[in-house]
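# Coordinate analysis (summary)
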Amino acid sequence: MAAAAAVVTPSGLEDGVSRSRGEGAGEVVVERGPGAAYHMFVVMEDLVEKLKLLRYEEDLLRKNNLKPLSRHYFALPTNPGEQFYMFCTLAAWLINKAGHPFEQPQEYDDPNATISNILSELRAFGRTADFPPSKLKSGYGEHVCYVLDCLAEEALKYIGFTWKRPAYPVEELEEETVAEDDAELTLNKVDEEFVEEETDNEENFIDLNVLKAQTYRLDMNESAKQEDILESTTDAAEWSLEVERILPQLKVTIRTDNKDWRIHVDQMHQHKNGIESALKETKGFLDKLHNEISRTLEKIGSREKYINNQLEHLVQEYRAAQAQLSEARERYQQGNGGVTERTRLLSELLW
């Protein structure tokens, strides 16, 4: 099996995809490389830069109150309906920018007809579109990025935009001023001085006896100073007064930290002791109040029973009177109904 190097993508560029042909059947097998899935991200980033060159923010977004496109807007699915509307609006604007009249699509237009018109204009520019139109209905993907990128290139060609080589600024070389080597001069001077000191030391011999005597005198002076320090000449009364004056300033105060758990435990114990002491005082008053309320309730209950016993016969008489009243009302309703009926018959007979 023989293998080629690349295959042509919808954008017409070789995308690092291998193509192989079968030995006997002549069948072409397309194998996409590992970087083919990320090619649309590169195309989308180039599209955003081309749209900025065409000043789409001033001419399209502000007039239609639209948001700017992100670097991967048409490469990733976010909101298919919004992305498809943005694709149609942007494609129509690019076609008009490229010199071909094209009506701005509306929200309720047939999407198939809109896609067909966009692909027709793309082929009119000499671009290939060998993919089904349904690939553009989702509003995102490599085919959407390819169509918009081709239209953006045609718009740039129409306005006469050309890519130029970058012009790098010429940097002026500063003249380097060579400073005098002071370090070398200093080293030379040090060497000269060192040589002079050596010559002086050679002339002066060291006497060990004199050096020993000097060391002995120094030791004696230090021991005398230490004995003077050990003998105190300070008055004891003045010392005690000074201690009393300085003592308040030597007290160490430790600030309490409210976040320390020990402080919280101490506060809990303090509150517990306060509650217990307050409970001892108030418990006697609460017990006394409870006893008084209980006795009052017992008196009320006994008085209620006495009143009910005294008024029981009156309650029975009241109930009997209510029953008689209800019977009288029923008889009145019946009699009133008979009078009404006879009055109606009388009126009929008179007429």
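So, here is what we can say about the structure in this document. (Residues numbered from 1 in each chain as written. Predicted model: local features only at pLDDT ≥ 70, side-chain atom pairs only at ≥ 80, totals over all residues. Heavy atoms only, no water.)

## Focus: the packing of aromatic side chains
For the structure shown, the criterion picks out three aromatic pairs. Ring geometry for F84 and F87: centres 6.5 Å apart, planes at 40 degrees, overall tilted. Taken together, the residues span about one helical turn, with F84 and F87 both in helix 3 (residues 80-97) at a distance of three residues. Both rings, one in F131 and one in Y146, keep their centres 6.3 Å apart while their planes meet at 80 degrees; by these two values the pair is edge-to-face. (Phe/Tyr/Trp six-rings, centres within 6.5 Å; stacked < 30°, edge-to-face > 60°. Helix = DSSP H or I, 4+ residues; strand = E, 2+ residues; numbered from the N terminus.)

## A closer look at helix 9 (residues 261-310)
For helix 9, spanning 50 residues, the distance from its first C-alpha to its last is 69 Å, which sits close to the expected 74 Å at 1.5 Å a residue. Along its length, helix 9 shows its largest kink, about 35 degrees, at T282. (Expected span 1.5 Å × (residues − 1). Bend = angle between axes of the 7 residues up to and from the residue.)

## Remarks on a nonpolar patch on the surface
A cluster of nonpolar side chains, namely L53, Y158, I159, F161 and W163, defines an oily patch on the protein surface of about 560 Å² accessible area. Relative to the helices and strands, Y158 is located in helix 5 (residues 142-158). Residue classification places Y158 among the exposed positions, given a relative accessible area of 56%. (Patch = residues over 30% accessible without salt bridge, like charges linked within 9 Å, V, L, I, M, F, W, Y side chains within 5 Å. Areas by Shrake-Rupley, 256 points an atom, 1.4 Å probe, with all protein chains shown as cover. Salt bridge = Lys/Arg side-chain N within 4 Å of Asp/Glu carboxyl O. Buried < 20%, exposed > 50% of the residue type's maximum accessible area, 1.4 Å probe, protein only.)

## Section: the packing of helix 2 (residues 56-64) against helix 3
Two elements in contact, helix 2 and helix 3, have axes whose closest approach is 12 Å; the angle formed by their N-to-C orientations is 135 degrees. Taken together, helix 2 and helix 3 sit at an angle that is classed as oblique. Regarding helix 2 and helix 3, the two cross each other, and that crossing is right-handed. Of the residues in helix 3, those in contact with Y56, D59, L60, L61 and N64 of helix 2 are M86, T89, L90, W93 and K97. For the contact of helix 2 with helix 3, the per-class residue count stands at six nonpolar, two polar and two charged. (Axes fitted to C-alpha atoms, helices over the stretch in contact; angles between N-to-C directions. Parallel < 35°, antiparallel > 145°, perpendicular 65-115°, else oblique. Left-handed = near helix turned anticlockwise from the far one by under 90°. Contact = heavy atoms within 4.5 Å. Nonpolar A, V, L, I, M, F, W, Y, C, P; charged D, E, K, R; others polar.)

## Here's the deal with helix 2
Along helix 2, the positions that sit buried rather than exposed are Y56, L60 and L61. Projection of helix 2 onto a plane perpendicular to its axis shows the buried side chains occupying an angular sector of 85 degrees, all on one side. Among the exposed residues of helix 2, those pointing more than 90 degrees away from its buried face are R62 and K63. For helix 2, the secondary structure elements touched by its buried residues are helix 1 (39-53) and helix 3. Where helix 2 ends, the next residue or the one after it, N65, has phi of about 55 degrees, a positive value. (Arc of directions from axis to C-beta.)

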